[in-house]
Amino acid sequence: MTFPIWIPAALLAALFLAWRMAVQQRIRAEMSVNAAALSRFFFGWPIACAMLASYMAATGRSALPPLDASFWWFAWAAGFAQMLATNLIIMSFGFRNLVSGTAYMKVETLIVAFLGWLILGETLAPLAWLGIAIAFLGILSVSVEGGARGLLQWLRGLKQPAALTGLSAGFLFALTAIFIKQSANAVPDVERTYAGLIVLAAVLGFQALMQGVYVIIREPDQFHAMLKRWRVTAQVGVLAATASAGWFIAYAHAPVALVGIVGQTQILYTLGFGRFYLKEPLNRSELTGILLVGIGVIMALASTL
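Structural notes, computed from the coordinates. In this text, all values refer to a predicted model and were calculated from it rather than measured experimentally.

### Here we look at the overall build of the protein chain
Piece 1. When helices and strands are tallied, the protein chain shows 15 helices and zero strands.
Piece 2. A sequence separation of at least 24 residues applies to 86% of the contacts in the protein chain between residues at least 6 apart.
Piece 3. About 12,900 Å² of surface is accessible on the protein chain, with carbon and sulfur atoms providing 69% of the total.

Take a look at the structure:
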């Protein structure tokens, strides 16, 4: 049995995503939401192209496989959904802290599991569903102020702007995962890692074009601010491309719900970055959340054995 490459790919993707979001949180106050989001696409796309070219050179490929209209449609849809989701999650940071915005966003795991079953026909073992539920309780513990005190407090929290933007971002990120999977499936007769990198280059290219045109036309001063802060914004792009490569490769190899539950480790990394990078204190409910998320991820991985 071959080693499931999607597991380390998803774990590393979650780490780099948490790192990128921590860096992006620092520049949020210095430029607009759109410009901060553009930094990950503008500087990330050349990195994605370099990754694809390196893989092609290493495997002896000189040309891309034929790509039909369905590939380009799903790649564009993934790029557009992720672009909107990125803007929403950056907005959520402004209402509360980094951890809270990310925690509300991670409801995407429940949504992507449902959409993966409904649209892609992907099924999960009962142990995986139990792991998703336990991890969600961990996220609930992080999300609700004062600790996890039940569903009533969770519903009350949904009225907060951070929750509305975070949940909306989570739904769009779930759609992004579905579109990425469908785009990778549309790449004919190639190894799944190669398919994931092809989708990555296409999606980031669409995103750089769409977000770049908008910012240049509507916020030209913010585009110049992004370039002026290139030492930080380029770091965002490198981290974003690296994280996206992990996600895209994992989605190409495995069911989207399993990738999503392993991606829950992002909240663990985010708590660490929030504590040590942004100096945001941890409380008891967040420590409880760490434990529950860890248990949930382990159970989901055990279901694949």
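Next, the rest of the story.
### Some details on the nonpolar core
Piece 1. The biggest cluster of nonpolar side chains holds 71 residues, and the ones touching the most others in it are Trp6, Val199, Trp247 and Val259.
Piece 2. If one sorts the elements of this core by residue count, helix H10 (residues 192–218) sits on top with eleven residues.
Piece 3. Sequence-distant contacts of Trp247, defined by excluding residues within four places in its chain, comprise Ala10, Ala13, Ala14, Leu17, Val259 and Gly263.
Piece 4. Formed by nine residues, the second largest nonpolar core is a distinct cluster that contains Met31, Leu38, Met226 and Ala234.

### Topic: the packing of aromatic side chains
Piece 1. In total, this model carries ten aromatic pairs according to the counting rule given.
Piece 2. Each ring, one from Phe71 and one from Trp72, has its centre 4.9 Å from the other, and the planes form 85 degrees; the classification is edge-to-face.
Piece 3. Classification of Phe71 by relative accessible area gives buried; the value is 0%.
Piece 4. Overall, Trp72 belongs to the partly exposed group, its relative accessible area being 40%.
Piece 5. A network of ring pairs unites the aromatic residues Phe42, Phe43 and Phe223 as a single cluster.

### Some details on the packing of H10 against helix H11 (residues 220–228)
Piece 1. The contact between H10 and H11 brings their axes to 5 Å, and the two run at 115 degrees. Across the interface between the two elements, Val215, Ile216, Ile217 and Arg218 from H10 touch Pro220, Gln222 and Phe223 from H11.
Piece 2. Partitioned by chemical class, the residues of the contact of H10 with H11 number five nonpolar, one polar and one charged.

### Here's the deal with helix H12 (residues 230–253)
Piece 1. Relative to the 34 Å expected for 24 residues at 1.5 Å per residue, H12 spans 34 Å between its end C-alpha atoms, a close match to the ideal helical length.
Piece 2. Burial runs high along H12: 17 of the 24 residues are buried.

### Here's the deal with the environment of Val199
Piece 1. Structurally, the position occupied by Val199 is in helix H10.
Piece 2. Given a relative accessible area of 1%, Val199 falls into the buried group.
Piece 3. As a C-alpha pair, Val199 and Val187 span twelve residues in sequence and 8.6 Å in three-dimensional space.
Piece 4. Not counting chain neighbours up to four residues away, the residues in contact with Val199 comprise Phe71, Ile180, Ser183, Ala184, Val187 and Phe248.

### Describing unusual backbone geometry
Piece 1. A positive phi angle, near 55 degrees, is found at Asp189, a position not held by glycine.
Piece 2. Considering the arrangement of structural elements, one finds Asp189 in the loop between helix H9 (161–185) and H10.
Piece 3. For Asp189, a relative accessible area of 82% corresponds to the exposed category.

### Section: helix H3 (residues 44–58)
Piece 1. The end-to-end C-alpha separation of H3 is 21 Å, in line with the 21 Å expected for 15 residues at 1.5 Å each.
Piece 2. Within H3 the residues assigned to the buried category are Gly44, Ala48, Leu52, Tyr55 and Met56. Taken around the axis of H3, the buried residues stretch over an arc of 115 degrees, which confines them to a single face. Along H3, the residues that are exposed and aim more than 90 degrees away from the buried face are Ala57 and Ala58.
Piece 3. Of the surrounding secondary structure, the elements contacted by the buried residues of H3 are helix H2 (33–42), H10 and H12.
Piece 4. Phi for Gly60, located one or two positions after H3, is positive at around 75 degrees.

About the thresholds
Starting from 1, residues in each chain are numbered consecutively following that chain's sequence as written. A pLDDT threshold of at least 70 governs which residues receive local features in this predicted model, and a stricter bar of 80 or more applies before side-chain atom pairs are shown or counted, although totals over entire chains, interfaces and linings include all residues. In computing side-chain values, all of the structure's heavy atoms are included and hydrogens and water are not. Here a helix means four or more residues in a row that DSSP labels H or I, a strand means two or more in a row labelled E, and each is numbered from the N terminus. Residue contacts are counted whenever heavy atoms from the two residues lie within 4.5 Å of one another. For accessible areas, the Shrake-Rupley method is used with a probe of radius 1.4 Å. Any residue's cover is judged against the shown protein chains and nothing else. By nonpolar core is meant a set of buried Ala, Val, Leu, Ile, Met, Phe, Trp, Tyr and Cys residues that side-chain atoms within 4.5 Å join together. When accessible area is computed with a 1.4 Å probe and restricted to protein chains, residues below 20% of their type maximum are described as buried, those above 50% as exposed, and intermediate ones as partly exposed. The rule is short: rings of Phe, Tyr and Trp, with Trp giving its six-membered ring, pair when the centres are within 6.5 Å, and they are stacked under 30 degrees, edge-to-face over 60, tilted in between. Axis definition: a line fitted to C-alpha atoms, limited for helices to the stretch in contact. Angles are taken between N-to-C directions and run from 0 to 180 degrees. Three categories are distinguished: nonpolar for Ala, Val, Leu, Ile, Met, Phe, Trp, Tyr, Cys and Pro, charged for Asp, Glu, Lys and Arg, and polar for the others, with Gly belonging to the last. The span one expects for a helix is its residue count, reduced by one, times 1.5 Å. Taken from the helix axis, the directions to the C-beta atoms give the arc we talk about.

These figures capture arrangement, not role.
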